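What the coordinates show
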Amino acid sequence: MKRTRFIPLLLIITLAASAQPGYTPSPENIKAREWFQDAKFGMFIHWGIYSILGDGEWVMNNQRIDKETYQKLPSFFNPLGYDPKEWVAVAKAAGMKYITITSKHHDGFAMWDSKLTDWDITDRTPYKKDVIRMLADECRKEGIKLCLYHSHLDWYQDDYYPPGRTGTTSGRPEGGNWYRYLDYMDGQLRELLTNYGEIGAIWFDGHWDKKDADWRLDKTYSLIHSLQPACLIGNNHHLAPFPGEDFQMFEKDLPGHNTTGFSGDQEVGDLPFETCETMNNSWGFNLQDKNYKSTKDLIQYLVRAAGYNSNFLLNVGPMPDGRIQPEFIKTLGEIGKWTEKYGETIYGTRGGPVPPKSWGVTTAKGNRVFVHILNAEDLNLLIPDFGRKVKNITLFDTGTKLKYKQDAFGIAVSLPKEAIDETDTILVIEI
Ligand code: FHN
């Protein structure tokens, strides 16, 4: 029993050591981390040739499609409805401050004009245009930061060898050169970080496919930081952060929680946090997935994330014609109405002095603590003492002063019934 516990620990230590040892973030990087934490809300975009099949981004693996057959897909990919202006406008109107799009997902297909392969959008599709460049240009114009999701894992490249846990039915040959694959990946990252202007972050994913491989993270992370010191590195390896990483992400869970099984081995570190979530149950476009989360649920997710001192990265999986599905656009518009009115209690804040409770969370900025009541259990709320003298408590909505009593046990506030908002009742505590 003891031995099996020891090996993973040793492995984790070895892997962490192989990241960017002795990494000290540059001043630009520290500034970018602050920007990131202030920004709070981003749009995640999973888009690729897999959208044609309307069965999510794992379709190649899940339907056991081999490479030869999968290669037929690009010729059907002609997203004439793709309008980056529209995407950026939708993100902005929702109150999102950055966009993280898949440059390459696990199928290895490059959504930009890569000179290192013809397995890319400009060489293989009738559309021929570099959708990443189009989005980068529009984001720059509109003051939205562009970040790139980049899959470590690759079901297409023969040099991704030996194969990992997934993509084993893609029909790759029995042989390949792992370090040549890593050179190829670094080369593609160099393209993305050289030719597309400022990139806010590289969001890695897929390390978990081959946890024990030598990913040569030191080289990759150093390359990124040398090309763009302010570019933040995050890696969805579902483990505690490795040296060289600048933020920690949590998939479909808030920091410290593991309701979906991705964060079992994940320790919460001290880097900025980001939690990502889907609007239905799928990342890539899924025709049949109608499990849409409600506007209320998603706003509450954003608020809870902020209370956990975390960003919220909300995903859309555009359709093969390039449009974001109307159901998502509607919900994002409704979220935007909320962020427009209440964004002040989210953007630029940090997790508040009271840790998350069953009734809600707190955020804080300057001398104000925002109490977000997401689940009003009672009209009398007892906020645990956080060691600061309260000057007054008001309702964010109306500025109405509330009756309260502060003593050694905490702050008891009495809430007017008519002030209760099903989505979020916000109190402002001035200290
Ligand atoms: O396998 C991917 C999945 O397709 C998606 O990209 C999510 C996003 O967090 N991450 C991976 C699973 O951990």
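Since this is a predicted model, take the numbers as computed values, not measurements. (Residues numbered from 1 in each chain as written. Predicted model: local features only at pLDDT ≥ 70, side-chain atom pairs only at ≥ 80, totals over all residues. Heavy atoms only, no water.)

1. Some details on the site of the ligand
Close contacts around the ligand come from 14 residues, with H46, E57, H106, D205 and E251 the closest. At 2.6 Å from an oxygen atom of the ligand is found a side-chain nitrogen or oxygen belonging to E251. In the complex, 96% of the free accessible area of the ligand, which totals 330 Å², lies under the protein chains. Of the pockets mapped on this structure, the ligand occupies the largest pocket. (Near = heavy atom within 4 Å. Polar contact = N/O pair within 3.5 Å; in protein donor to acceptor, adjacent residues only side chain to side chain. Areas by Shrake-Rupley, 256 points an atom, 1.4 Å probe, with all protein chains shown as cover. 1 Å grid on protein atoms, 1.4 Å probe; cavity = no way out; pocket = protein on both sides within 12 Å on 5 of 7 lines; lining within 4 Å. Sits in = over half its atoms within 2 Å of the grid points.)

2. Observations regarding the layout of surface pockets
By volume, the largest pocket is sized at about 370 Å³. Along the wall of the largest pocket there are 24 residues; nearest its centre are E57, W58, E251, F262 and W283. When residues of the lining of the largest pocket are traced back to their parent elements, those giving at least two are α3 (59–62) and β4 (201–205). The class makeup of the residues in the lining of the largest pocket is 8 nonpolar, 10 polar and 6 charged. (Points joined across faces, edges and corners; volume = space filled by probe spheres on them. Helix = DSSP H or I, 4+ residues; strand = E, 2+ residues; numbered from the N terminus. Nonpolar A, V, L, I, M, F, W, Y, C, P; charged D, E, K, R; others polar.)

3. Looking at the sheet that holds strand β12 (residues 380–383)
Taken in spatial order, the 3 strands line up as β12-β15-β14 in an open sheet, and their pairing is antiparallel. Strands with a single pairing partner mark the edges of an open sheet, and in this sheet they are β12 and β14 (404–407). Looking at each pair of strands side by side, their axes are set apart by 15 degrees on average, direction ignored. Both β14 and strand β15 (residues 410–414) contribute to a ladder of 4 bridges, which runs antiparallel. From the neighbouring strand, K405 faces β15, where its bridge partner is A412. (Pairing = 2+ DSSP bridges. Axes fitted to C-alpha atoms, helices over the stretch in contact; angles between N-to-C directions.)

4. Quick notes on helix α7 (residues 131–142)
Look at α7: 17 Å from first C-alpha to last across 12 residues, which is about the 16 Å you get at 1.5 Å a residue. Looking at α7, one finds that the buried residues are V131, I132, L135, A136, E138 and C139. On the buried face of α7, the contacting elements are α5 (84–94), β2 (98–104), α6 (121–124) and β3 (145–151). Taking the backbone nitrogen of I132 as reference, a side-chain oxygen 3.1 Å away marks D130 as the first, capping residue of α7. (Expected span 1.5 Å × (residues − 1). Buried < 20%, exposed > 50% of the residue type's maximum accessible area, 1.4 Å probe, protein only. Contact = heavy atoms within 4.5 Å.)

5. Quick look at the confidence of the model for the protein chain
Here the protein chain averages 95 in pLDDT, while 96% of its residues score no lower than 70. Confidence drops under a pLDDT of 50 for residues 1–13, and excluding neighbours within four residues, the segment shows 2 contacts in the predicted structure. (pLDDT = per-residue confidence, 0-100.)

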